[in-house]
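# Understanding the architecture of this molecule
Below are the chains, spelled out letter by letter.
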Amino acid sequence: MERMWSPWRSVHIERADDTNGTEKGSLFARLAGEQNDEKNYIVWRGVNVFVIMNLYPYNNGHLLIVPYRAVDAYEELSTDEQIEMAVTLDKCIRWLRAALSPEGFNVGMNLGKAAGAGIPDHLHMHVVPRWRGDTNFMPTIGEVKVVPEALETTYRKLVAVIEAGEPKPPTPR
């Protein structure tokens with residue numbers, strides 16, 4: 001499937017390939033270690049995990065929850081890492097609701113190359129905001145997915161929500 005207008009991809013690909021095998025560690029570990037969050041679209045850092053925007057988003061606001069430690073199997077995560085991933089999922093959903101007002105979410109992991117993991121050596125959780133109608137005729141007929149907002153714009157919206165303080169849980173009915 002093709003994507004329309006995503007110039008940030010070429011920059012990402014050049015950065016991912018410029019090490020020529022000289023750097024060790026996964027792409028995520030390198031990005032987290034750079035301490036340049038805006039450039040790398042890291043929207044939040046926790047103790048064991050961080051949240052980064054997906055450079056190949058299914059929809060605008062597509063986030064990845066990534067442990068700092070590179071592991072390829074969920075059962076290799078420590079209990080603290082597992083708990084922080086779950087708590088961070090809750091944060092991501094709240095931030096996305098406040099920043100983008102999605103109508104639903106897809107959440108999941110592709111564990112292993114056979115399961116479709118794009119970076120199989122460093123597991124991560126996808127949080128994809130969804131809206132009714134975001135799957136329209138373009139992917140079906142034209143094999144093109146339209147992402148309607150620039151990464152920089154979505155990044156600024158999310159960081160503003162995070163810096164303003166976490167949205168409170170809804171009041172029980």
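Use the structure listed above.
Notes on the structure in this doc start here. (Residues numbered from 1 in each chain as written. Predicted model: local features only at pLDDT ≥ 70, side-chain atom pairs only at ≥ 80, totals over all residues. Heavy atoms only, no water.)

So, on to the packing of aromatic side chains. Counted according to the given criterion, the structure contains 3 aromatic pairs. Judged by centre distance (5.8 Å) and plane angle (75 degrees), the ring pair of Y41 and Y155 falls under edge-to-face. A residue pair is termed long-range when its members are at least 10 positions apart, and Y41 in the loop between α3 (37–40) and β2 (42–45) and Y155 in helix α6 (residues 151–164) qualify at 114 residues. When its relative accessible area of 8% is taken as the criterion, Y41 is described as buried. Overall, the relative accessible area of 10% leaves Y155 in the buried class. Ring centres 5.8 Å apart and planes at 55 degrees place the aromatic pair W44 and W95 in the tilted group. With a gap of 51 residues between them, W44 in strand β2 and W95 in helix α4 (residues 79–100) connect regions that are remote in the sequence. The two residues W44 and W95 agree in class, both being buried. (Phe/Tyr/Trp six-rings, centres within 6.5 Å; stacked < 30°, edge-to-face > 60°. Helix = DSSP H or I, 4+ residues; strand = E, 2+ residues; numbered from the N terminus. Buried < 20%, exposed > 50% of the residue type's maximum accessible area, 1.4 Å probe, protein only.)

Distances and angles like these do not, on their own, reveal function.
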